[in-house]
Structure formats: C-alpha cells, structure tokens
Amino acid sequence: MSWIAVARKDFRDAIRSRMFWALAIVFGLLSIGIGGLYGHFDVLQNTGATNQGLFLVSFVQSPITIFIMFISAIICHKSIVGEWEQGSLKLLLSLPHTRGDVILGKIVGRAGVIAVPAIGSLILGLGLGAVLLGGSVLTSVDFLAVSAGFLVAILVYIALFVSIFVGISAIVRSSSLAVAGSIALIVLQFFWGIIISLLYLILGATFDISGNADWMYLLRILMPNTAFNEVLNATLSAITEWPGKATASTVDAVYASPVTAAVVLLLWIVLPVAIGYWRFESADL
Amino acid sequence: MVAIELNGLTKRYGGSVTALRGVDLRVDEGEVFGFLGPNGAGKSTTINILLDFVRPTSGRASVLGLDAQADSQEVRRRTGVLPEGYKVYDRLTARHHVEFVIESKAVDDDPVAVLERVGLGDAIDRKAGDFSKGMKQRLTLGMALVGDPDLLILDEPSTGLDPSGVQDVRQIVNEESDRGTTVFFSSHILSQVEAVCDRVGILREGELVAVDTIDGLREAAGTQATLRVMVEGVTDEAIDAVQSLSGVSNASFSDGQLTASVEDGAKMQVVTALEDHGASVSDFETEEASLEELFMAYTEGAQ
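Residues numbered from 1 in each chain as written. Chains lettered and ligands numbered in written order. Predicted model: local features only at pLDDT ≥ 70, side-chain atom pairs only at ≥ 80, totals over all residues.

### Considering the overall build of chain A
Along chain A, the regular secondary structure elements total 11 helices and 0 strands. Written out in order from the N terminus, the α and β elements of chain A read α-α-α-α-α-α-α-α-α-α-α. The C-alpha radius of gyration computed for chain A amounts to 21 Å, which stays within 12% of the reference 19 Å derived for 285 residues, consistent with globular compactness. Expressed as lengths along the three principal axes of its C-alpha atoms, the size of chain A is roughly 65 × 55 × 30 Å. Classification of the 285 residues of chain A by burial places 45% in the buried group. Looking at chain A alone, contacts between residues at least 24 apart form 83% of all its contacts between residues at least 6 apart. (Helix = DSSP H or I, 4+ residues; strand = E, 2+ residues; numbered from the N terminus. Rg over C-alpha atoms; globule rule 2.2 N^0.38 Å. Buried ≥ 20, exposed ≤ 12 C-beta atoms within 10 Å, placed from the backbone. Contact = placed C-beta atoms within 7 Å.)

### Remarks on the overall build of chain B
Helix and strand counts for chain B stand at 11 helices and 14 strands. By the compact-globule yardstick of 19 Å for 303 residues, chain B is too spread out, its C-alpha radius of gyration being 24 Å. Overall size of chain B, expressed as C-alpha extent along the three principal axes, is 75 × 45 × 35 Å. Sorting the 303 residues of chain B into buried and exposed places 44% on the buried side. Taking as baseline every contact in chain B between residues at least 6 positions apart, the subset at least 24 positions apart corresponds to 70%.

### Examining the domain arrangement of chain B
Taken as a whole, chain B is organised into domain 1 (2–220) and domain 2 (222–299). Centre-to-centre, using C-alpha coordinates, domain 1 of chain B lies 42 Å away from domain 2 of chain B. (Domains from an automatic or database assignment.)

### Some thoughts on the confidence of the model for chain A
Of the residues in chain A, 97% have a pLDDT of 70 or more, and the chain-wide mean is 89. Of all secondary-structure elements in chain A, the lowest mean pLDDT belongs to helix H9 (residues 216–220) of chain A, at 87, while helix H11 (residues 258–281) of chain A reaches the highest, 95. (pLDDT = per-residue confidence, 0-100.)

### Looking at the environment of Trp242(A)
Residue and element names in this part refer to chain A. Along the chain, tryptophan 242 falls in the loop between helix H10 (224–239) and H11. According to the C-beta neighbour criterion, tryptophan 242 is buried, with 23 such atoms within 10 Å. If near-sequence neighbours (up to four positions away) are discounted, tryptophan 242 is found in contact with Leu54, Val146, Asn233, Leu236 and Ser237.

### What about the sheet that holds strand S13 (residues 257–262) of chain B?
Backbone-to-backbone hydrogen bonds pair the strands of a sheet. The strands run either parallel or antiparallel. All names here are of chain B. Taken in spatial order, the 4 strands of this open sheet run S12-S13-S11-S14, and their pairing is antiparallel. Pairing within the sheet leaves two strands with one partner each, and these edge strands are strand S12 (248–254) and strand S14 (280–287). For this sheet, the mean angle separating the axes of adjacent strands, direction not counted, is 20°. As defined by bridge partners, strand S11 (residues 225–232) adjoins S14 across 7 bridges and the pair is classed as antiparallel. Bridging across to S14, valine 231 finds its partner in valine 281. Set on the sheet, helix H9 (residues 236–243) makes contact with S12 and S13; between it and S12 the angle comes to about 160°. On top of the sheet, helix H10 (residues 267–276) reaches S11, S12, S13 and S14; it is set at about 20° to S11, its chief contact. (Pairing = 2+ DSSP bridges. Axes fitted to C-alpha atoms, helices over the stretch in contact; angles between N-to-C directions.)

### As for the packing of helix H2 (residues 18–41) of chain A against helix H6 (residues 99–133) of chain A
All names here are of chain A. Look at H2 against H6: their axes get within 7 Å of each other, and the N-to-C directions meet at 20°. Taken together, the axes of H2 and H6 are roughly parallel relative to one another. The way H2 lies across H6 gives a crossing that is right-handed. Residue classes in the contact of H2 with H6 are distributed as 18 nonpolar, 9 polar and no charged. (Parallel < 35°, antiparallel > 145°, perpendicular 65-115°, else oblique. Left-handed = near helix turned anticlockwise from the far one by under 90°. Nonpolar A, V, L, I, M, F, W, Y, C, P; charged D, E, K, R; others polar.)

### What to know about the interface of chain A and chain B
Contact residues are listed per partner, giving 20 residues for chain A and 23 residues for chain B. At the level of secondary structure, the elements contributing two or more residues to the side of chain A that touches chain B comprise helix H1 (3–14) and helix H5 (88–93) of chain A. For the side of chain A that touches chain B, a count of residues per class yields 6 nonpolar, 8 polar and 6 charged.

### Description of the pairing of strand S6 (residues 79–82) of chain B
All names here are of chain B. Across the two faces of S6 the burial is the same, with Thr79 and Val81 and Gly80 and Leu82 all buried. Relative to strand S7 (residues 151–155), S6 runs parallel, the two being bridged by 4 bridges. Opposite threonine 79, over in S7, you have leucine 151 as the bridge partner.

### Things to note about the pairing of S12(B)
Residue and element names in this part refer to chain B. Relative to S13, S12 is paired through 5 bridges, and the arrangement is antiparallel. If you follow serine 249 over to S13, its bridge partner there is serine 261. From the end of S12 to the start of S13, which pair antiparallel, there are 2 residues, and aspartate 255 there has a positive phi angle of about 50°.

### Structural notes on the sheet that holds strand S5 (residues 66–67) of chain B
All names here are of chain B. If you trace the 4 strands from one edge of the open sheet to the other, you get S2-S1-S4-S5, paired in antiparallel fashion. Across the chains shown, the open sheet's two edge strands, defined by having one partner strand only, are strand S2 (17–28) and S5. Sheet analysis places strand S4 (residues 58–63) next to S5, joined by 2 bridges and oriented antiparallel. In the strand pairing of S5, valine 63 is matched with leucine 66.

### Some details on unusual backbone geometry
All names here are of chain B. With a phi angle near 55°, leucine 64 is a residue other than glycine that sits in the positive phi range. Its place among the elements puts leucine 64 in the loop between S4 and S5. Accessibility expressed as a C-beta count within 10 Å gives 21 for leucine 64, which makes it buried. Positioned with a positive phi, aspartate 255 is a non-glycine residue whose angle comes to about 50°. Note that aspartate 255 resides in the loop between S12 and S13.

### Looking at the packing of helix H3 (residues 49–76) of chain A against helix H7 (residues 141–171) of chain A
Residues and elements named next belong to chain A. Contact geometry of H3 with H7 gives a least axis separation of 9 Å together with a crossing angle of 15°. Viewed along their axes, H3 and H7 adopt a mutual orientation that is roughly parallel. Once H3 is placed against H7, the crossing between them reads as right-handed. Facing Thr50, Gly53, Leu54, Val57, Gln61, Thr65, Ile68, Met69, Ser72, Ala73 and Cys76 of H3, the residues of H7 in contact are Asp142, Phe143, Val146, Ser147, Phe150, Tyr157, Ile158, Phe161, Val162, Phe165, Val166 and Ser169. Per-class residue counts for the contact of H3 with H7 are 15 nonpolar, 7 polar and 1 charged.

### Here's the deal with the environment of Ala180(A)
If you trace the backbone, Ala180(A) turns up in helix H8 (residues 175–206). With 67 residues separating them in the primary sequence, Ala180(A) and Val113(A) have C-alpha atoms 23 Å apart.

This is the structure in structure tokens:
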C-alpha cells in the first residue's frame, strides 16, 4: 500500500506549485463563467425546469472535458520521465516502493490534483447556473441526477486521461518524447472525425461499401474522448431526457453498443499504463 | 552475518559499455566499508544494483541476506540510502521530505529529531528548493537515517559539503556504526574514507583491484616513503653513494636538504652513507606515502 505515500507526496508537491493555482482559477472561471452565462441568458425558457437543467449540464460538459484533457497532458506527461531525468526518482525508489507503487501513486496523486478544483468549480458553476435559471431547476430530480452522474463521469474522465498521460510518461525515455506523444494523441483526437470521413471516402471510391458501413462505429469510438462521450450519453439518456444520444442507437449491428465503447474506455485506462509499467519495470534507471 | 555479497557481478550497458566485470565482494554486518575508485569506475553501478535501480547482466548481488532483485522492496525497507545524482522536491519543506520517508517506511520517527541530528534544526519548515547543495545533502542524509536502518548506503556523501559538513557525516557514520549499522559508502577521495572505514575496496574500470584495511593496502601497494635529511657538507660523491644504495631512489639535494624515496629499513643506511662521506646530519624525517599516492598507485598504475 505504499503507493498511498507516493500519491500523498505527489499531491502535496503539486498543490504548492503556481501551476495548480493557475489551474484552479481557470477551472473556476471557466465553470462559473459558462454556468453563469447560460443561466443568465436562459435560451431555453419555458421548456420546463428539467430540460433547462439538463441543457445547462450538457452546455458545461464540452469545454470542461476538453480543458481537463489539456490539463492532464500538461500535469502528467513528465510525471515519471521528468523525475527520471532530474534524479528525484532515485530518492523515491531508494524508499521501499515498487515501480508499480510509483506509477499508481502518481496516477492517484495527479488525478487528485485535477479532481479537486474540477469538482469544486463544477459544483459552483452548475449551482450558479441553476440558481440563475430560477424556478424549480435547482430542485429538479433529473437535473440533480444528471449533475451527480456528470460529476462521477468527470472523475472517470480525469482517471482516463491521467492514466493515459502517466502511461506515456512511463513508456518513453525522454521528456521531449513524452511531449511529442501527448500532443500527437490530442491532435489525433481533434482530427479523428475528419480522418474517419476521409477513410470512408477513399474506401467508398475503391469498394462498394454504401449502406454497409456499420463497422465505422468501431472506428468512431476508438478514441478515448469519443468512447467516453458514447458511454456518458448512453448512461445519462437512459435515466433522463439528457440531450446527448449514444451513436450506437443509429447503427444496426451487434457490436454497435455502448458496452463496446465502455470496453474501449477501459482499455484506454488500462493499456497505456500497463505498457508503461512493463517498460518502466524492466528499465535501468 | 553478511551484509552485502556480490558474486561475479557484471554489468554491460547496451552491449558495448562494460561498467562492471565480475566483481566479488563480501561486506560483513556491522562493518564500515569504503568503496573507492575514480569517477566512472563502476561505484554507482554497483550501488544501483544493490538497490535494484539497475539489473546485472550476470552474477548475483545479495543485501542483508536477501536477493537484491527479487526482494528489493524488503532490502530498501531495511536500508537507508543517500543516492548520487538525486534531486530533492523543491516545493516541499525539509519536514515534508522526512515525513514522506517515515510514511513510506511505515515507522514513527520524529521528523524534528531527525533533522536536528543532521544539523537542519533551524530549517525544518523551509522549502528544500531554497537549500544550498550542502543543506540538500544533509537533508538527504537525514532521510537515509529514518527508521534506524540495518544498512546505510552513502554514494559520495561528501559532495557539496564544507569541511564541517564532512566532519558531521563522519560523526554520523561513527554513531550509526556504534549502533551496529553496516555502512557502505563510496567516494573518489580516499582521505575521506580513511578516518571512518574498517576496510576499503578499490574499483578500477569495473574491476575490484584491492580489498583490504587502509594499513593493509599501504603495505600491499609497497609505495615508498619520502625521506628528508637536513644535512651540511654534502658532496656529489655523497649523493651518488646514497643513490647507489639498494632501496633508495630519486636522491636529490638542495637548500641544505637531501630528499630521497626510500623503502622500509633503508633510511638509516642513507644517514650512515652521508656521514661516511663527511656530511653532518642535523635532523631527518620520513613521510609515508600519502593515501592519495597510494590510491593513484592502485587506480592508475599497472597492477
């Protein structure tokens, strides 16, 4: 259980950095700003408190998740390889920690560093938006359920990207490679939709695939971001009138299911870390 | 009991660089062992293998009766380490650092007592990033002492320390040794290990070229002592006569002082030879080979 000591040390170290406070302030401004603006302009007046509340959450979701992805990359890409290069890893590993403890401790510590300001400012932002919307939004059962579900989902999302970027940090042998790998993954996610469309066009010009492109679903949900959104939309729309819909519902194939997306999500959480562990475990420091 | 045992320890990096070539070594429990060698001789590689930072290409290392690889976590639980080329956590205070070790080793030491022992009593709540190199070294030494380890591994502990810091390290090593702790420390400066070590091992280009007490090494190295004779009325013949004695070399004379390298037992012959040639000797002194010269003889000379 010595990863707890590593996580606590890492958290302690990180909350003393200027970066952390800058992060907390930007998180707060972003969340309160979006929630406040949405509540103030109230574009969906008269559609009912439940609907207003759900759209408030979905409005906050997109900028917050993208911001978390960037922040995770910035905070985590050097977590292992940086300490390795600088020599603080020797201090860490001269103590009775296994290399697995170090990786797990880093993931938990850094996830905590992101989760504390993220959850705090989301509660403030959603609360402010709901109060500004007025009426019974703040007491709408659906709004509260979606908000709670969303906060849990955000924790999963943080775990997802923290473990990906810590994993990358354990796989590579230099900080510059960690930067390159992290940026590559982020860029890939932004252009993933375009890449798939191009692929579809090229394949469509070569083979006759019209009307038979269900397998595209698998490609679409292959990125961590898209897999997460698929699972989030499927879950929230199953319990409420959440505006986002899982794309699986539009595809008629056995594998086109949020369960597949959940498996992809799980693989993204586990695989980079597993490969990182395997590389790091066998490395000469 | 054996504290450290190395059998045929070999380490090659990337197939081409050989850091260690079949090192055999045994350090007994309670011993203070100095591990010497110039930079790049393989000292840090050896220590890195003891801590499982680096895996040997062949051979075996055991620490406190445990396998250095398979039981590394237990080895490090019972060992205090001052690593080489480490970096402290700039934003954390000295207290935080020691608390981290206490928590990691699941012991209940008092951070204040630990820091006072290494002379950081007045810097307990200061950030380690603001520390001088010497203070960082003291902090890391303090971290190594947490949990009353059975073995202390100190890699170049004097780095960055002023003379009083070096003195403090020496005192702490002696205190720990008195408590029965085995101390294994490396240095490229021989005089630093002389005062504290029971035995030393000298590493050169990945090979252990000598393991002995300082006195034993001195004898084995056979390095000559320097004899200085205050003398008047020295003629060239007198100098030639001294030079021709067996066990005497490099005889020279200037400013009323004759200097020569002599082996044990030859110095009285020098004095006698001078007086036989009409010179009058007023005083003489011998200076044994300095440890540095001895060290040079081992690390540079063709053994």
